[in-house]
Structure formats: structure tokens, C-alpha cells
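The residues making up each chain are set out below.
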Amino acid sequence: MTLKTNLKTALFLLTILAIISIGFKIPPVFQNYDNFNSARVYQVNYRFFFKSTDTTNISLKTYVPKSNSRQRISKEQIINDNDLSFLKRVEQKENTRAIWSIKDKNAYHSIDYSFTFEGKEKWFVVPKTFSKPTHVSKEYLSPTANIQSDNTLVDNLAKELVKGAKNDKEVIQNIYDYIYAIPSAPIITLTDAVTTILQKKASCNGKSRLFVALCRNLGYPARIKGGIILETITKRTSHAWVELLINDTWVPFDGLNNHFAYLPANYLEIYQGDQSLITHTAGIQFDYIYEMNKLHHVSFLKMSSQELHNLPGFSLWNLVDKDIISLSSLYLLLLLPIGGLLVALLRNIIGLKTFGVFLPVLIAFSLSHTGFVSGMVIFVSLIVLIGLISYPFDKMGLLYTPKLVISLTIMVCVILIATHLGIQNNIQWLTKLTFFPIIILTISAERFSRATVEDGYLRAIDKLFQTLIATTISYLILSWSWLPSILILFPELILLVIVFAAFLGRYIGIRWVELFRFKPLLLSERNI
């Protein structure tokens, strides 16, 4: 049996093995499809500890979350002493409150209220002009004891912020920018809107009250939203942000964490209004903590971790669930063969010329850290910088390797300076140059610099342009949010990459780019 026959047999067996293994897993995956597509999943636990006093009728109250369009609450569980009575009721329209009460005196008690949170981020488009709200409660336009929208200081500040604004969006942007610029401080005591103006610093609560006060002063319905920023940690702090009624839609704004018309996936919404998350009978000894743990999950499946473990066939879920390898490293490892096949297709079938096979994939992966537009700007700017730096050294007659070391060292210095300026001036896209993107940019610069020496600047620039095209296509494919999860569940797809690559290696046809290049010649032959 020849080597060629052996190879064909091996490829055939790989294909059959991959298809059979995938086929066993497809039915349970389809049966558990979940169109909610959560981005983050956390196990959350409220833990309360208190000791009753000589008084009777002691109560502990806390707001609890419920499901909506961007978050899903499930698997609620309450563990407490048998002598505690529990009641859950709806208060003030959308708020739900859990109430524990007891009549025993001088006794220790503990409460565990746990649930699973599934959340996804939500972006809102803010129009330039807002329509007048059709049905809005007066409470969203009226002053309160801590939201003094009718105070002279608030009124004067609102008039100042309106100056120069041409439409509603610019007014809100001016208010938002003012609130965000207020220095944040972990102030424990209650800070109302006026106090925030006077002391020129505030926590999330003070900033939110002033934000709402300014909006209500100018006739924009606004309210405070309360919850918890979820992370894998144990903490005692909750969080507050603002919602504005814009064209009959409540749009979120967080003036502390710089979220304009956006709510991250790890924001747990609990209540609305200027409320306290926890209240209890005065005089009792009381303590509490919030325990949160991020859970690994597949966004498009309603399956627990154990159910994912029990899927038939082979998967990489054990590596993820047991934190044997970081998700980002595993994603890169799995996406490299897919991206390599894609670039090979672009090179062998389309005819693009790129700096290597995997470099466009690595650049595309680094763009997921920096953002596509800002990453492309940074990438092209640094490559151009390397070209400009290399030119005077060429005139000096320096050898290639020392010249390259000088150029790359200067590039690293520029990156570090840019990152420092981004941190100082709060320019977010300048602060996203983490270690991994810097390595990729450095390798790319080295390839470009070598190409300028070997092929000249024009051919090097042409190859750079084609590399950017391949990078863009790779980014569009690899940034599909489901792809890493699919590869973790169906790693057999990597075997099919080998099969497809083998077929691609046998392709000897004309490249698509050459069809355009030799079009006049092909037409002339046809006319003969």
C-alpha cells in the first residue's frame, strides 16, 4: 500500500471519527438550546447575621432581584433558622422585597439567600432629540429630600451645563461629563445632590442623586437604579446608577464607572428608586456579606456544568471548569487552526499575500483586546513608525539586525508612553495595549521591516495592505462569540481542519486574484 493511499485512508478515518463523535453530541445540544444567550453567569449569596435584642417583632428587609430582558434569576434558595418567618412581596411597582421577622429575644440568627444570575450587556442609542414622554409618573420629575432638583445650587449648575448644547443628547452628555469628572470617594454616609456639589466628591450614590437632580431640573424624567456589580469576590458594597426616560425607554448611565447609555453584563439590577438595599430594626447587632462566584457556562445552552460534563463523546469542558487552562489561552489555542485554515484559503484560493500564515490570525486575536478600529489605528501607526525610523538608519549603513533592535526598542518605548498618557488622560483605547498585543505588534513590525529590506517599500506596503485584509476577514470570523464555545464542545472540528487543509493543499487551480490580473490576456485568447 502506497504512502498516498495510507494518507487518504487516515484522512477518511479522521473524518468518520469526527463526524460520529459530533453526531452523538448534537441532539442534547439542540435540545438544550437557550436563546437568552447570557454573557456572564454568577452564583450569588446574601449572607446575613444578626442578634435579636430584648425587643420583640424584629425584622430584616432586603430587596431581591427578578428577571428582565437583560438578566435572568433562577435557582433561588433560602436557608435560615426555623423560628424565622419569611415573606416576599412586591413593593413600589417593580421592586420585590424579602422580609424576615422573629419574636424571640436575645438569640443569634443567620440567613443565606442565594440565586443564580445570568446577565448580558445592553447598549442603547441616544437620539439627538427626545420626544415628550407619553405616560410618566410625577415622582420621576419631582424633588425629594436627597434629590433636591429645585435647589438654587442645582438650578444654577443645570443652567450652566445647558449652555452651548444644541439638542437633548448634548445636554445629557454635558451632565454626564460633569458627573463623571467629580472625583470618586468611598463616602459611607449619605450624600445628597447638594452636598455632592459642595464637597466636589462623592461615591456612586452621591453622583447618581446629583445626576437625577440635574435631569429632573431640566424636565428629563430620571430615577436611581440600585444593584451589585458582580465579580468573583466577597464584599459588602452595593452600587447605584441612573436611568433616564428617553422616548419611553429607560436608558442607564453610570457616572462613576463611565458607562454612557450602557449596562455591563455583570451588573445585577435589584431595585429602582432612592432606596436602601438592606434595612433592619434599630439596635440589633447586624452584619452581612455578598458572596459571588463566576460560573463557567456556554451562552447558548441551558445546561449546568455537570450536564456539560455528561455530554457523550470528547470535549474540553473539564479544562475550563477546573481552571486547568485560562479561557483566553484555550480560545487562542483552538482558534489558531481555524484562523490558519482561513488564511490558507485566502492565500491559496484568493491569492492574497500576507506576512506568514498565522500572523494575521494573531493580529486579529489581539484586536479583540484593543477593539477593531482603535487596534487597526495603533497597528498601522506603529508599522508606519517603524518604516520612518528605519529610513535614517538605512542611510547610516547600519546592519539589519542592530537596526531592527533599535527600531523595535523605539516602538516599545512609544507604546509604553502612549499607555501612560492613556492612563493619565483617561483615553481608554490607549490603555488596551496589554502584553500579548505588544508582542504581536512587535512581530508584525519586524516582518514589515524585513520586507522593506528584501522587497522594497512599495512591495512591503502592498503586502501589509493584503495582510490587513486577511486580518479583517479573520477578525470578523473569529470574533463570532459562539465560536470558542462550539470548539470547546466539539473539539473534533480540529480534526476536520486537518482534512480540509489536506484537500486545500491539493488545489492547483488559478487563484482568483490572477483572474483579474490576466483578464485582458484571457479575453484576447477568447477572441482569437
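The preceding data block contains the structure.
Reading the values: rules and limits
- Residues numbered from 1 in each chain as written.
- Predicted model: local features only at pLDDT ≥ 70, side-chain atom pairs only at ≥ 80, totals over all residues.
- Heavy atoms only, no water.
- Axes fitted to C-alpha atoms, helices over the stretch in contact; angles between N-to-C directions.
- Helix = DSSP H or I, 4+ residues; strand = E, 2+ residues; numbered from the N terminus.
- Parallel < 35°, antiparallel > 145°, perpendicular 65-115°, else oblique.
- Left-handed = near helix turned anticlockwise from the far one by under 90°.
- Contact = heavy atoms within 4.5 Å.
- Nonpolar A, V, L, I, M, F, W, Y, C, P; charged D, E, K, R; others polar.
- Expected span 1.5 Å × (residues − 1).
- Bend = angle between axes of the 7 residues up to and from the residue.
- Buried < 20%, exposed > 50% of the residue type's maximum accessible area, 1.4 Å probe, protein only.
- Lys, Arg positive; Asp, Glu negative; His and termini not counted.
- Salt bridge = Lys/Arg side-chain N within 4 Å of Asp/Glu carboxyl O.
- Polar contact = N/O pair within 3.5 Å; in protein donor to acceptor, adjacent residues only side chain to side chain.
- Pairing = 2+ DSSP bridges.
- Phe/Tyr/Trp six-rings, centres within 6.5 Å; stacked < 30°, edge-to-face > 60°.
- Lys NZ or Arg CZ within 6 Å of the ring centre and 35° of its normal.
- Patch = residues over 30% accessible without salt bridge, like charges linked within 9 Å, V, L, I, M, F, W, Y side chains within 5 Å.
- Areas by Shrake-Rupley, 256 points an atom, 1.4 Å probe, with all protein chains shown as cover.

(A) Examining the packing of helix H3 (residues 168–181) against helix H5 (residues 204–217) more closely. Two elements in contact, H3 and H5, have axes separated by 10 Å at closest approach and are oriented at 155°. Taken together, the axis directions place H3 and H5 in an arrangement best described as roughly antiparallel. Crossing of H3 over H5 shows right-handed handedness. Residues Ile172, Ile175, Tyr176, Tyr178, Ile179 and Tyr180 of H3 lie in contact with H5, whose contacting residues are Lys207, Leu210, Phe211, Leu214 and Cys215. In terms of residue class, the contact of H3 with H5 is made up of 10 nonpolar, no polar and 1 charged.

(B) Local environment of helix H1 (residues 3–31). For H1, which comprises 29 residues, the first-to-last C-alpha distance of 43 Å matches the rise-based estimate of 42 Å (1.5 Å per residue) to within 8%. Taking the largest bend as the criterion, H1 deviates by roughly 30°, centred on lysine 25, and proline proline 27 comes between one and four positions later. When we look at burial in H1, the residues that qualify are Leu11, Thr15, Ala18, Ser21, Ile22, Lys25, Pro28 and Val29. Of the surrounding secondary structure, the elements contacted by the buried residues of H1 are helix H14 (483–489) and helix H15 (493–505).

(C) Spotlight on the side chain of aspartate 254. Turning to its location among the elements, aspartate 254 is positioned in strand E11 (residues 249–254). Although aspartate 254 is buried, it makes no salt bridge; lysine 207 carries the closest opposite charge, 7.6 Å away. A distance of 3.0 Å separates a polar atom in the side chain of aspartate 254 from the backbone nitrogen of leucine 256. One polar contact links aspartate 254 to tyrosine 267, side chain to side chain, over a distance of 2.5 Å. For aspartate 254, the residues in contact, after removing those within four places along its chain, are Tyr176, His239, Ala240, Trp241, His259 and Tyr267.

(D) A look at the pairing of strand E6 (residues 108–119). Counting buried residues in E6 gives 10 out of 12 residues, a clear majority hidden from the surface. Sheet topology places strand E1 (residues 40–51) next to E6; 12 bridges connect them, and they run antiparallel. What sits directly across from lysine 51, in E6, is tyrosine 108. The sheet contact formed by strand E3 (residues 71–80) and E6 spans 8 bridges and is antiparallel. Paired with asparagine 80 across the bridge in E6 is isoleucine 111.

(E) Fine view of the packing of aromatic side chains. Overall, the coordinates contain 24 aromatic pairs when judged by the stated rule. Seen in terms of ring centroids, tyrosine 176 and phenylalanine 260 are 5.1 Å apart; in terms of plane orientation they differ by 85°. Their pairing is edge-to-face. With a gap of 84 residues between them, tyrosine 176 in helix H3 and phenylalanine 260 in strand E12 (residues 259–260) connect regions that are remote in the sequence. Taking 4.9 Å as the distance between ring centres and 35° as the angle between the ring planes, the aromatic pair formed by phenylalanine 372 and tyrosine 475 counts as tilted. With phenylalanine 372 in helix H10 (residues 372–396) and tyrosine 475 in helix H13 (residues 457–478), this pair connects stretches of sequence that are 103 residues apart. These aromatic residues form a ring-pair network of at least three members: Tyr46, Phe48, Phe86, Trp100, Tyr113, Phe115, Phe286, Tyr288 and Tyr290. Sitting over the ring of phenylalanine 36, lysine 120 keeps its end group 4.2 Å from the ring centre.

(F) Representation of H15 in the model. Its 13 residues place the ends of H15 18 Å apart at the C-alpha level, agreeing with the 18 Å of an ideal helix rising 1.5 Å per residue. Buried residues along H15 sit in contact with H1 and helix H8 (327–350).

(G) The arrangement of the pattern of salt bridges in detail. According to the stated counting rule, one finds 16 salt bridges in the structure shown. A salt bridge links lysine 25 to glutamate 492; the nearest nitrogen and oxygen atoms lie 2.8 Å apart. Taken as a pair, lysine 25 in helix H1 and glutamate 492 in the loop between H14 and H15 lie far apart in primary sequence, 467 residues in all. Each member of the pair, lysine 25 as well as glutamate 492, carries the same accessibility label: buried. For arginine 89, the salt bridge goes to glutamate 91, with nearest N and O atoms at 2.7 Å. A relative accessible area of 37% means that arginine 89 is categorised as partly exposed. Each of the salt bridges in this network shares a partner with another, and the network as a whole consists of Asp34, Arg72 and Glu118.

(H) Region of interest: the environment of tryptophan 480. With respect to the helices and strands, tryptophan 480 occurs in the loop between H13 and H14. For tryptophan 480, a relative accessible area of 45% corresponds to the partly exposed category. Distance in space between the C-alpha atoms of tryptophan 480 and valine 41 is 19 Å, their sequence separation being 439 residues.

(I) Seen up close, the sheet that holds strand E4 (residues 85–91). Taken in spatial order, the 4 strands line up as E4-E5-E2-E15 in an open sheet, and their pairing is antiparallel. A strand with exactly one partner marks an edge of an open sheet, and here the two such strands are E4 and strand E15 (278–280). Between one strand axis and the next, the sheet turns through 20° on average, direction left out of account. Two elements, E4 and strand E5 (residues 95–102), share 7 bridges in a ladder whose sense is antiparallel. Each residue of the ladder has a partner; that of glutamate 91, found in E5, is asparagine 95.

(J) Fine view of a nonpolar patch on the surface. A cluster of nonpolar side chains, namely Phe12, Leu13, Ile16, Ile20 and Phe24, defines an oily patch on the protein surface of about 520 Å² accessible area. Exposure remark for isoleucine 16: the relative accessible area of 34% places this residue in the partly exposed category.

(K) Focus on the packing of helix H2 (residues 152–162) against H5. Put simply, H2 and H5 touch, their axes get as near as 9 Å, and they point 75° apart. In terms of axis orientation, H2 runs roughly perpendicular to H5. Together, Val154, Asp155, Leu157, Ala158 and Leu161 of H2 and Leu210, Ala213, Leu214 and Asn217 of H5 make up the contact between the two elements. Classifying every residue of the contact of H2 with H5 gives 7 nonpolar, 1 polar and 1 charged.

(L) Inspection of the sheet that holds E11 at higher detail. Strand order in this open sheet of 5 strands is E12-E11-E10-E8-E14, and the pairing throughout is antiparallel. At either end of the open sheet lies a strand with only one pairing partner, and these are E12 and strand E14 (267–272). With 2 bridges connecting them, E11 and E12 associate as antiparallel partners. Bridging from a neighbouring strand, phenylalanine 253 pairs with phenylalanine 260 of E12. Docked against the sheet, H5 engages strand E8 (222–229), strand E10 (239–246) and E11, running at close to 15° with respect to E10.

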